[in-house]
Amino acid sequence: MNRSWWKESVVYQIYPRSFQDSNGDGIGDLPGITSRVGHLKTLGVDVVWLSPVYRSPNDDNGYDISDYRDIMAEFGTLADFDTMLEALHRHGIKLMMDLVVNHSSDEHAWFRQARASRDNPYHDYYIWRAPADGGGPPNNWEAAFGGSAWEWNEATGEYYLHLFSKKQPDLNWENPRLRSEVYDLMHFWLGKGVDGFRMDVINMISKPYGPDGRLPDAPVVKPGFLQPAFGAVTNGPRLLEHLREMKREVLRHYDCITVGEAPCATTRQGMELTNEQGGALNMLFQFEHMELDSVPGHPWGKWGCKPFELRDLKASMTRWQDELVGRGWNSLYLSNHDQPRPVSRFGDDGAQRVVSAKMLATFLHGLQGTPYVYQGEELGMTNFPFRGPEDLRDIESINFWREAVDGRGEDRAAVLDAIRRKGRDNARTPMQWDATPNAGFTSGTPWIAVNPNHAEINVAAEYDDPDSVFQHYRRLIALRRSQPALVYGRYRPILAEHPQIYAWLRTLYDDRLLVVCNFTASPAEFRLPDELDVVRWPLLIANYAVDPAQDLRCFALRPYEARIHRLQ
Ligand code: TEU
Ligand code: CA
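The following paragraphs examine the structure supplied in this document. Keep in mind the model is a prediction, meaning the values are calculated, not measured.

As for the side chain of Asp293
Structurally, Asp293 can be placed in the loop between strand S13 (283–285) and helix H9 (310–323). Residues within four places of Asp293 in sequence aside, it is in contact with Gly304, Cys305, Lys306, Pro307, Phe308, Arg345 and Lys422.

What follows is the structure, encoded as structure tokens:
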């Protein structure tokens, strides 16, 4: 296994709008981030993934970019960016930018020109199609934020494709001029000293054109509706070709870290895109474990929820751990700006919040791959008790409410419950720094409400508490730095059929670690498999006080108890 710094790193994701406001306008900004680099150093992370800070009309909070080479006015200036980057580097922390090049904003100069006339030189930077034979959109694709993925453009009498909002037109990667524009902007940021990229829905850039250039209908998963386009676009025919060109033209010239966001990715795509011989990226964000509480084919799509099953998590994680060994590398995440808070989703955000948040952290950092910690996850921050549409800011949730409640008359309580469980705004409420009003995030009115539980859940309180979630994350991150087996050790599950316990070994040469997690609120009987010859089991980390005299070979795990032991 080749050693690499990005395999040994822990990455921290910052959602700039909600991290720290510095000028009282209620919106996080770059000087705010610079003022909090000490927190990142204390936590011990090695890299920051910064969600988009480029100019944007914020239809999708920065994932709709109108100028790839300038900073969104609300976040500051390029000078503020350089100051932030210098502060991160001075603290030994690298920076990954968010590369959003499957689509731009419709306010980008390229699109303004492209939509003006069919013979404009920028017209082919985007994807245009005539109406279907019977009129209307060219195919049955549904946009991720609702409605058709095709928007009519009167000036040229044709539709343009947008897999997300209609203000996010898809870029045409078949066009070599567009591709070289992307490579140029990547050089621009890497040339400023940026250390890599998280690449937004990068597995969607190659569209599945038929021989006549047609884009075929997506598979029918919910009869009678438009169909999710993701099933048709997340593994196009030229994807690897484009990414290999990106590696040749840009990435190989820098010692950088890359992670490709890849909805619907399979382990096969993971191997294809991240193997160190013929691949192009260091790792992917795959979504299998993020779909375990969804109901396939539900008319509400992602909003149709069911409880997740531990056996499904074990099966999915084991497949990704096993199949990428020596043929790629895993990212490890439970949380980001698109997902509900993990302690609310997979643990218990009530009486067992602290111990279950620490269990989830131990689970994540005990696997093989690069862990990603999302802002607030290190505190055990929870979902938000949204009262109604007035509390929402995310286009995805707002559109869902409008379509389901205003459009189809669905039950308000059921729709609100789904948004409380799966809405992206859960992860976008302001970072909770202390117990003062607005949690120390802003002296003004925050762009989105601060979670009322910030009085108890905040950085200041957790710094002072040795048993806090924050201190557990610090110890875990330090442990990964001191234990090569946690980074490079081979994963092998044990007790695979246990309904409550997820346990595995990490073996590197003759070093054996045991990770054991009780994913439930009930005690669970742990029995070490007889074939493991063990005489000593020094404890490395735990989320409860552990009696050193306890016999590890057979004991009762407490609710949400998690530990890592060395087996000797
Ligand atoms: O997310 C892509 C993506 O798959 C998400 O839309 C996800 O499926 C959905 O949010 C689940 O609720 C990326 C960015 O992370 C997201 O914030 C953007 O909205 C999207 O792409 C478009 O850029
Ligand atoms: Ca601000």
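Thoughts on the nonpolar core
Phe81, Leu95, Met186, Met246, Phe363, Tyr372 and Phe519 are the most contacted members of the largest nonpolar core, which totals 135 residues. Here this core spans two domains, since at least three of its residues come from each of domain 1 (11–102 + 176–206 + 256–382 + 426–471) and domain 3 (490–567). Leaving out residues up to four positions away in the same chain, Phe363 has contacts with Leu313, Met317, Leu334, Tyr502, Trp504, Cys517 and Phe519.

Observations regarding the state of the cysteines
For the coordinates displayed, the defined rule picks out zero disulfides. For the unlinked cysteine Cys305, the closest cysteine sulfur is that of Cys264, found at 17 Å. Note on Cys305: relative accessible area 30%, which makes it partly exposed. Cys517 provides the cysteine sulfur closest to Cys554, a residue in no disulfide bond, and the two sulfurs are 18 Å apart.

Points about the coordination of the calcium ion (ligand 2)
Only Asp21 (OD), Asn23 (OD1), Asp25 (OD), Ile27 (O) and Asp29 (OD) from the protein coordinate the calcium ion (ligand 2), and they sit 2.3 to 2.4 Å from it. In terms of primary sequence, the donors binding the calcium ion (ligand 2) are separated according to D-x1-N-x1-D-x1-I-x1-D. For the pair Asp21 and Ile27, a shared accessibility class is recorded, and that class is buried.

Overview of the sheet that holds strand S22 (residues 562–567)
Spatially, the five strands line up as an open sheet ordered S16-S17-S18-S22-S20, and their pairing is antiparallel. Each edge of the open sheet carries a strand with a single partner, namely strand S16 (490–494) and strand S20 (539–542). Averaged over all pairs of adjacent strands, the angle between their axes in this sheet comes to 20°, without regard to strand direction. Pairing between strand S17 (residues 501–508) and strand S18 (residues 511–518): eight bridges, direction antiparallel. Counted as the bridge partner of Ile501 is Asn518 from S18. Docked against the sheet, H9 engages S16 and S17, running at close to 15° with respect to S17. Strands in contact with helix H15 (residues 469–482) are S20 and S22; relative to S20, the strand with the most contacts, it is inclined by about 150°.

Some thoughts on the environment of Glu378
With respect to the helices and strands, Glu378 occurs in the loop between strand S15 (370–374) and helix H12 (395–407). In this structure Glu378 comes out as buried when scored by relative accessible area, which is 0%. Between the C-alpha atom of Glu378 and that of Cys554, which follows or precedes it by 176 residues, the distance is 31 Å. A distance of 2.8 Å separates a polar side-chain atom of Glu378 from the backbone nitrogen of Gly376.

Focus: empty space enclosed by the protein
Applying the stated rule across the entire model yields four cavities of 30 Å³ or more. Its volume calculated, the largest cavity comes out at about 80 Å³. As for the largest cavity, its lining consists of Leu334, Pro342, Val343, Ala357, Leu360, Gly376, Glu377, Gly380, Met381 and Tyr473. Looking at the lining of the largest cavity, the elements that each hand over two or more residues are helix H10 (342–345) and helix H11 (353–365). Partitioning the lining of the largest cavity into residue classes produces seven nonpolar, two polar and one charged. Lining of the second largest cavity is provided by Gln286, His289, Met317, Trp320, Gln321, Asn330, Ser331, Leu332 and Tyr333. Looking at the lining of the second largest cavity, the elements that each hand over two or more residues are H9 and strand S14 (331–332). When residues of the lining of the second largest cavity are assigned to their parent elements, the largest contribution, three residues, is made by H9.

Notes on the sheet that holds S15
One open sheet accounts for eight strands, arranged S13-S12-S10-S5-S2-S1-S15-S14; its pairing is parallel. The sheet is open, and its two edges are formed by S13 and S14, each paired on a single side. Bridging between strand S1 (residues 11–14) and S15 involves three bridges; their strand directions are parallel. When the sheet's bridge partners are listed, Gln13 is paired in S15 with Tyr374. Together, strand S5 (94–99) and strand S10 (196–199) form the strand contacts of helix H5 (residues 176–191), whose direction differs from that of S10 by roughly 135°.

Thoughts on the packing of aromatic side chains
For the structure shown, the criterion picks out 36 aromatic pairs. Look at Trp173 and Tyr183: their rings are 6.4 Å apart centre to centre, the planes differ by 70°, and that puts the pair in the edge-to-face class. With Trp173 in the loop between strand S9 (158–161) and H5 and Tyr183 in helix H5, the pair connects residues that are 10 residues apart, well separated along the chain. An aromatic cluster of three or more residues is present, and its members are Tyr54, Tyr68, Phe81, Trp110, Tyr122, Tyr125, Phe188 and Trp189. One residue, Lys94, lies across the ring of Trp5, its end atom 4.6 Å from the ring centre.

Definitions and limits used
The residue count restarts for each chain, going from 1 along the sequence in the order it is written. Throughout, the order in which chains and ligands are written sets their labels, letters from A for the former and numbers from 1 for the latter. Where totals are concerned, whole chains, interfaces and linings use all residues; where local detail is concerned, this predicted model gives features only for residues with pLDDT of at least 70, and gives and counts side-chain atom pairs only at 80 or more. Side-chain numbers here rest on the full set of heavy atoms in the structure, without hydrogens or water. Helix numbers and strand numbers start at the N terminus; a helix is a DSSP run of H or I with at least 4 residues, a strand a run of E with at least 2. In this description, contact between two residues means that some pair of their heavy atoms is separated by no more than 4.5 Å. In these notes, a set of buried Ala, Val, Leu, Ile, Met, Phe, Trp, Tyr and Cys residues joined through side-chain atoms within 4.5 Å is what counts as a nonpolar core. The rule is simple: take the accessible area with a 1.4 Å probe, protein chains only, and divide by the maximum for that residue type; under 20% is buried, over 50% is exposed, in between is partly exposed. Domain start and stop positions are those given by an automatic or database domain assignment. The term disulfide is used for any two cysteine sulfur atoms that are within 2.5 Å. Donors, by definition, are the N, O and S atoms found within 2.8 Å of a metal, the threshold being 3.2 Å for Na, K and Ca, and water is not counted, so a site can look incomplete. For two strands to pair, DSSP has to find at least two bridges joining them. All axes here are fitted lines through C-alpha atoms, helices being fitted over the stretch that makes contact, and every angle between N-to-C directions spans 0 to 180 degrees. N or O atoms within 3.5 Å of each other form a polar contact, as long as, within protein, one can give a hydrogen and the other can take it, and as long as residues adjacent in sequence are counted only when both atoms are side-chain atoms. Both site types are read off a 1 Å grid over the protein atoms alone. A 1.4 Å probe that fits but cannot get out defines a cavity, while an open set with protein on both sides within 12 Å along at least five of seven lines defines a pocket; lining residues have an atom within 4 Å of a point. Grid points are joined across faces, edges and corners, and a volume is the space filled by probe spheres set on the points. Polar here means any residue outside two lists: the nonpolar Ala, Val, Leu, Ile, Met, Phe, Trp, Tyr, Cys and Pro, and the charged Asp, Glu, Lys and Arg; Gly therefore counts as polar. Here a Phe, Tyr or Trp ring, Trp counted by its six-membered ring, pairs with any other such ring whose centre lies within 6.5 Å, and the pair is stacked when the planes are under 30 degrees apart, edge-to-face when over 60, and tilted otherwise. The criterion is that NZ of a Lys, or CZ of an Arg, lies within 6 Å of the ring centre and within 35 degrees of the ring normal, and then a charge sits over that ring.

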